[in-house]
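The residues making up each chain are set out below.
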Amino acid sequence: MFDRLEDLLRRYEEIMNELNEPSVTANQERFRSLMKEQSDLTPLVEAYKEYRKVKQDAEDSLMMLESESDEEMRELLKEEHAEAKKRIQELEQEMKILLLPQDPNDEKNVVVEIRAGAGGDEAALFAAEMYRLYVKYAERNRWKVELVGADEIGIGGMKEVSFMINGKGAYSRLKYESGVHRVQRVPETESGGRIHTSTITVAVMPEVEDVDVVIDDKDIRIDVMRASGNGGQCVNTTDSAVRLTHYPTGIVVYSQTEKSQMQNKAKAFALLRAKLYDIEQQKAHDAEAELRRSQIGTGDRSEKIRTYNFPQGRVTDHRIKLTLYKIDDIMNGDIDELLDSLIAADQAAKLAKMNEG
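Residue positions are given per chain, counted from 1 along the sequence in the order it is written. Owing to the predicted nature of the model, reporting of local features is limited to residues with pLDDT of at least 70; listing and counting of side-chain atom pairs is limited to 80 or more, with chain, interface and lining totals taken over all residues. By convention in this description, side-chain values take in all heavy atoms of the structure and omit both hydrogens and water.

Would you mind going over the pairing of strand S1 (residues 110–116) in detail, with residue names and values included?
Each regular strand carries side chains that alternate between the two faces of the sheet. Burial classes: relative accessible area under 20% of the type maximum marks a residue as buried, over 50% as exposed, and values in between as partly exposed (1.4 Å probe, protein chains only). Runs of H or I in DSSP of at least four residues are treated as helices and runs of E of at least two as strands, each being numbered from the N terminus. With respect to burial, S1 is a largely interior element, 5 of its 7 residues being buried. Here, a strand pair is defined by DSSP locating no fewer than two bridges between the strands. Note: S1 against strand S3 (residues 158–166), 6 bridges, orientation antiparallel. By the bridge assignment, Val110 is partnered in S3 with Ile165. Relative to strand S5 (residues 196–206), S1 runs antiparallel, the two being bridged by 7 bridges. Across the sheet, residue Val110 finds its bridge partner in S5, namely Pro206.

If you had to explain helix H5 (residues 121–140) to someone new, which residues and values would you point to?
Residue count minus one, scaled by 1.5 Å, sets the expected span of a helix. Taking 1.5 Å per residue as the helical rise, H5 with its 20 residues ought to reach 28 Å, and the 29 Å between its terminal C-alpha atoms agrees with that figure. Arg142, located one to two residues past H5, shows a positive phi value of around 60°.

Could you give an account of the sheet that holds strand S6 (residues 220–225), with specific residues and numbers?
Here 3 strands make up an open sheet; going across it, the order is S6-S7-S8 and the pairing antiparallel. Every interior strand has two partners, whereas the edge strands, S6 and strand S8 (251–255), have only one. Within this sheet the neighbouring strands show an average axis-to-axis angle of 15°, counted without direction. Where S6 and strand S7 (residues 241–246) come together, 6 bridges link them in antiparallel fashion. Paired with Arg221 across the strands is Thr245, a residue of S7. Axes, fitted as lines to C-alpha atoms, cover a helix only where it is in contact. Angles between the N-to-C directions of the axes lie from 0 to 180 degrees.

Describe in detail the sheet that holds strand S9 (residues 304–309), supporting the description with residues and values.
Strand-to-strand pairing in sheets goes through backbone hydrogen bonds, with the strands running parallel or antiparallel. What the 8 strands build is an open sheet, ordered S2-S3-S1-S5-S4-S9-S10-S11; its pairing is mixed. Single-partner strands in this sheet number two, and they are strand S2 (144–152) and strand S11 (322–324). In this sheet, adjacent strand axes meet at a mean angle of 15° when their direction is disregarded. Lying on the sheet, H5 is in contact with S1, S2, S3, strand S4 (179–185), S5 and S9; it crosses S3 at an angle near 10°. Note on contacts: a residue pair qualifies if any of its non-hydrogen atoms lie within 4.5 Å across the two residues.

Pulling in residues and values, what's your account of the environment of Leu133?
Turning to its location among the elements, Leu133 is positioned in helix H5. On a C-alpha basis, the gap between Leu133 and Asn332 in space is 5.5 Å, while along the polypeptide they are 199 residues apart. In this structure Leu133 touches Ile330, Met331, Gly333 and Ile335, once residues within four positions along its chain are discounted.

How would you explain the pattern of salt bridges if you had to name every residue and give the values?
Each salt bridge in this description consists of a side-chain nitrogen of Lys or Arg and a carboxyl oxygen of Asp or Glu lying within 4 Å of one another. In this structure the tally under the stated criterion is 31 salt bridges. A salt bridge links Lys168 to Glu107; the nearest nitrogen and oxygen atoms lie 2.9 Å apart. One end of the pair, Lys168, is in the loop between S3 and helix H6 (170–174); the other, Glu107, is in the loop between helix H4 (71–99) and S1, and 61 residues separate them in sequence. The class for Glu107 is partly exposed, based on a relative accessible area of 44%. For the salt bridge of Asp334 with Lys326, the shortest nitrogen-to-oxygen distance reads 3.5 Å. On the basis of relative accessibility, which here comes to 22%, the residue Asp334 falls in the partly exposed class.

A description of the nonpolar core should follow, citing residues and the corresponding values.
If you look at the biggest cluster of nonpolar residues, it comprises 38 residues, and the most contacted ones within it are Ile114, Met130, Tyr134, Ile165 and Tyr308. Broken down by secondary-structure element, the contributors of at least two residues to this core are S1, H5, S3, H6, S5, S11, helix H10 (327–331) and helix H11 (336–356). Beyond its immediate chain neighbours, meaning those up to four positions away, Met130 contacts Ile114, His181, Ile200, Tyr308 and Met331. The set of buried Ala, Val, Leu, Ile, Met, Phe, Trp, Tyr and Cys residues whose side-chain atoms join them within 4.5 Å is what this entry labels a nonpolar core.

By themselves these figures say nothing about function.
Now the structure itself:
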């Protein structure tokens, strides 16, 4: 590990020197590439520099301890040495995590699709609540949300909703939300007071560029039509809605949220690219069964990942056996504790696998 850290430190210093050269600042593409590499390396380099300093401090305090005769001074040096050893262990763990292979999609924006599952209208109501949860979480992070399309029902529910969240690192946080979410509560329409169980599915996909997924023109049918539902005067009186049909996979996507047909088309293609990329990702996950087992629920759409029990005020994530009694906060977008715990568990599983290797 330390040979690699020394190599990365040398590379970091090379980058810093190169960034000071006038010829590099004149070449914007090269400059951006180096700045990104420097940004990616900075946390690891800073941790390693601190590690080397603390390691030296520990050695110095030990050396001084051997020659020190004053008992009060010896106690102070022992305390300094113990603190340095503790910090060394923390930094070693931190550096191991930073050295783990990064998901190339982590910094990307996301496309999210929520679908009502078992439970009829109650599932559609919960789908709408989960959409609001993610919107509120995005607002907390100052990320931008763009609605792509929604199939709403009259009582405020959604059979299906697709939207994009634009923000640095959105995928690194939200990828753990993919799977089946289960809700247990007494529906407002239930006169007998019985608890019903309903489900929704959430698919979180990284936004992909044209170069990542090539869509052949002959594989696509594009239909334009008037938008339906609440869209305002202009939306409902012009052929602004766009539906794409992808023949090879049978995927159909629909966008009607913008007044402009061009904007709806761009959103529809973004959603289609994300879905096609997701299919390839699923194939790769299935082909690497061992890798799938070491991950914390970031691939299997049929996996029941979480239960929201309203009568007991609890939310349970089944992947890491975590239960939080703060359902109101969570439904208002306060999901950082859940996501931090999932990320920590995922990193621990990968570290254990790396240590086995």
